[in-house]
Amino acid sequence: MRRLPPALLLAVLALLVFSRGVAGQRYGDDLGFIADQPAWAVYGYFAHANPNHGWYRPLEATGYALVQLGFGLATVPLHLMLLALHVVLAWRVFRFTDALAGRAAAWWAAAWFTVVQTNAIAVGSCDTFSQVAGTLCGWLAMEALYRARSDDRRAAWAGVAWFAVALLCKETSAGFLPAGLLLLAWPAQCPSGRPPLPPGEGWGEGVEGECCSSGDPPSEPDGHPPPHACADPHPSPLPGGEGAGTGRRARTALALLAVFAAYYLVRSRVIPYRPGFGDEGYDFHFGLNLLRNPLLLGGAAASPCSTASLARMAHEGDRAGLAPAASGALVLLTLVAAGCRQTRRARLAAALLLLALTALSPVLLLNHVSELYIYNALPAAVVVVGMGLAGATAGRRWAVAVSLALLLAHAAGTVSKLGLMVDNGARATALLAELEGPARQVPPGGRLLLVELAQGEPKYSVYLLPGAEVLRHGLMRLPQMVGRHDFEARLTDAGDPILHPPRAGDVVVRLAHGRPITGAPGP
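Source: prediction; values computed, not measured. (Residues numbered from 1 in each chain as written. Predicted model: local features only at pLDDT ≥ 70, side-chain atom pairs only at ≥ 80, totals over all residues. Heavy atoms only, no water.)

1. A closer look at the overall build of the chain
What the chain contains, in helices and strands, is 18 helices and 4 strands. Taking all 523 residues of the chain together, 53% fall into the buried category. Entry remark: accessible area of the chain is about 22900 Å², with carbon and sulfur atoms responsible for 63%. (Helix = DSSP H or I, 4+ residues; strand = E, 2+ residues; numbered from the N terminus. Buried < 20%, exposed > 50% of the residue type's maximum accessible area, 1.4 Å probe, protein only. Areas by Shrake-Rupley, 256 points an atom, 1.4 Å probe, with all protein chains shown as cover.)

Laid out in structure tokens, this is it:
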């Protein structure tokens, strides 16, 4: 019987892990992508700002408007669309790793990419098309630029085109610019004339990022050097074919820079927001955040325990509960490092990790980071994981068992997070229905003030959102529901100065644990 295609098996794995979240409803800033005029939104946000947020993501707005035209406000099509893009990217990771390090490494890398628990926010949300599609297009750009190192002209222009599409998906795709320039700067390894990533063909386990250290390259029985024989005593850590000339690489690099400059100019004309330096969460800063951010993101991706559970433990002071997560992450990193060293792929692993870190470069400067951002770096990072686990598990049943246990722990963490997201969506949907009546009572120019009285529960990312927090950043939905845009809806608490005293035209709704209450004392 013929073997099942890897893409099909990865799709089955993704469905098993993410099926719990397919019916999840919108909450938070998910609600910002419901369009008043979806037919106009199909093309309108390329040249106009989205009034619901300050980002320039025209392809996301277009995709969601098309779904809304065809399926209304149903969320299942959105989740399936994100899941399909995630599977495609997992399959591309499989092919790349197979060509670079062999089939065993490819399965470990693709499986890890499919289920790692930090993906819950990217694949399980209703508003993260920009992240998943942006990373997919950015990774396709990296693959093409990787092939361009062997003088593949079409691959060079494909890399530039995919980078342009990635930028139109999300601003953080700008990280693929320095990553692409880094790829072009690395020389190809061997003067073999063979493309570094043959379509559909693996290099096998013999290509380890190392080459002949001295003497003449080995020869085949017919006297010709093998495809990857190398006479360079100081090879590039990235395998490749005969290198493209400096001029061609420079032209490709200039094309990437020109695309980014054109994108930035268009974005600057369409939306008023400009990234800058300051103390706000999305401001840039040079300081300890440059060390803290990669450690937080890397720790979240390595931990086999749900980061939502870790946040709850930290809130409750449960230090003993944090130990298994730290131990599991340490075991994973040890296996990967030992496997890469054993198979003499340490330099290749270091090069790929540098690419992963470079892809994160814009967000590493931010004051606030979300585990969503690590999705940009995952394709390159999991190739290292795949190579390391393939080496560590070769002939070692105990290592296979430990690696599978860690993989299953990540899958369980993803499923657990999806459950929290589904619950948040259900609570947001119910609360919006209860608030529709008060919203209709707000006079023109007035304010609908939602006052949360119960506090003290832990908050974390999009998972732990107590009470009315499920509507924070999503209150623009209330004016839409009542067909009016002449009032403001705001979520606050009893100590907010805006309530002392409230002004004429305010409609105040007091909430306890996210539910409207009656007979409560005034704020």
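2. Quick look at the pairing of strand S1 (residues 447-452)
Counting buried positions along S1 yields 6 of 6 residues, so the element is predominantly enclosed. Neither face of S1 is left uncovered, since the one carrying Arg447, Leu449 and Val451 and the one carrying Leu448, Leu450 and Glu452 both have all their residues buried. With 6 bridges connecting them, S1 and strand S2 (residues 488-493) associate as parallel partners. Following the sheet pairing, Leu450 is matched in S2 by Leu491. (Pairing = 2+ DSSP bridges.)

3. Points about the packing of helix H8 (residues 153-169) against helix H10 (residues 246-270)
H10 packs onto H8 with a crossing angle of 20 degrees between their chain directions and a minimal axis gap of 10 Å. When the axes of H8 and H10 are compared, the pair comes out roughly parallel. Every pair of crossing elements has a handedness; the one defined by H8 and H10 is right-handed. Here Arg153, Ala156, Trp157, Gly159, Val160, Phe163, Ala164, Leu167 and Leu168 of H8 lie close against H10, whose contacting residues are Arg248, Thr252, Ala255, Leu256, Val259, Phe260 and Tyr263. Across the contact of H8 with H10, the residue classes tally to 12 nonpolar, 2 polar and 2 charged. (Axes fitted to C-alpha atoms, helices over the stretch in contact; angles between N-to-C directions. Parallel < 35°, antiparallel > 145°, perpendicular 65-115°, else oblique. Left-handed = near helix turned anticlockwise from the far one by under 90°. Contact = heavy atoms within 4.5 Å. Nonpolar A, V, L, I, M, F, W, Y, C, P; charged D, E, K, R; others polar.)

4. Here's the deal with the state of the cysteines
Enumeration according to the criterion identifies 0 disulfides in this entry. For the unlinked cysteine Cys169, the closest cysteine sulfur is that of Cys137, found at 4.6 Å. For Cys169, a relative accessible area of 2% puts it in the buried group. (Disulfide = S-S within 2.5 Å.)

5. Comments concerning the sheet that holds strand S3 (residues 506-512)
Pairing is mixed in the open sheet, where 4 strands are placed in the order S2-S1-S3-S4. A strand with exactly one partner marks an edge of an open sheet, and here the two such strands are S2 and strand S4 (515-516). As judged from the 2 bridges shared by S3 and S4, these two strands associate in the antiparallel manner. Residue pairing for S4: Leu511 is matched across the bridge by Pro516. Contacts from helix H17 (residues 397-441) reach S1, S3 and S4, with the element oriented near 160 degrees to S3.

6. Description of the packing of helix H9 (residues 176-185) against H10
Contact geometry for H9 and H10: axes closest at 10 Å, N-to-C directions at 175 degrees. On the basis of their axis angle, the class for H9 and H10 is roughly antiparallel. Contacts between H9 and H10 involve Leu177, Gly180, Leu181, Leu183, Leu184 and Ala185 on the former and, on the latter, Arg249, Thr252, Ala253, Leu256, Leu257 and Phe260. Across the contact of H9 with H10, the residue classes tally to 9 nonpolar, 2 polar and 1 charged.

7. Comments concerning the packing of aromatic side chains
For the structure on display, the rule yields 13 aromatic pairs. With a centroid separation of 5.4 Å and an interplanar angle of 65 degrees, the aromatic rings of Phe96 and Tyr146 are classed as edge-to-face. In this pair, Phe96 is assigned in helix H4 (residues 76-101) and Tyr146 in helix H7 (residues 129-148), connecting sequence segments 50 residues apart. An angle of 20 degrees between the planes, with centres 5.6 Å apart, marks the rings of Phe277 and Phe286 as stacked. Phe286 matches Phe277 in its accessibility class, with the two residues each being exposed. (Phe/Tyr/Trp six-rings, centres within 6.5 Å; stacked < 30°, edge-to-face > 60°.)

8. Description of the pattern of salt bridges
Applying the stated criterion across every chain yields a total of 13 salt bridges. The shortest N-O distance in the salt bridge between Glu436 and Arg440 comes to 2.8 Å. With Glu436 and Arg440 both in helix H17 and 4 residues apart, the pair spans about one turn of that helix. You can call Arg440 partly exposed: its relative accessible area is 48%. A cluster of three or more residues bridged by salt bridges with shared partners is formed by Arg57, Glu171 and Arg267. (Salt bridge = Lys/Arg side-chain N within 4 Å of Asp/Glu carboxyl O.)

9. Observations regarding the environment of Leu465
By the element assignment, Leu465 lies in the loop between S1 and helix H18 (477-481). Considering only alpha carbons, one finds Leu465 and Gly28, 437 residues apart in sequence, at a separation of 9.5 Å. Leave out the neighbours within four places in its chain, and Leu465 touches Tyr27, Asn424, Arg427 and Val470.

10. Topic: a nonpolar patch on the surface
Together, Leu8, Val12 and Leu16 make up a nonpolar patch on the protein surface, roughly 280 Å² of accessible area in all. Locating Leu8 in the fold gives a position in helix H1 (residues 6-18). (Patch = residues over 30% accessible without salt bridge, like charges linked within 9 Å, V, L, I, M, F, W, Y side chains within 5 Å.)

11. Looking at the confidence of the model for the chain
Overall, the predicted model of the chain reaches an average pLDDT of 85, with 87% of residues at or above 70. Scored below 50 in pLDDT, residues 190-234 shows 99 contacts in the model against residues more than four places distant or in partner chains. Within the model, the stretch residues 519-523 combines pLDDT values under 50 with 8 contacts to residues more than four positions away or in other chains. (pLDDT = per-residue confidence, 0-100.)

12. Quick word on the environment of Pro77
Here Pro77 is to be found in helix H4. Contact partners of Pro77, with chain neighbours within four places excluded, come to Val67 and Phe71.

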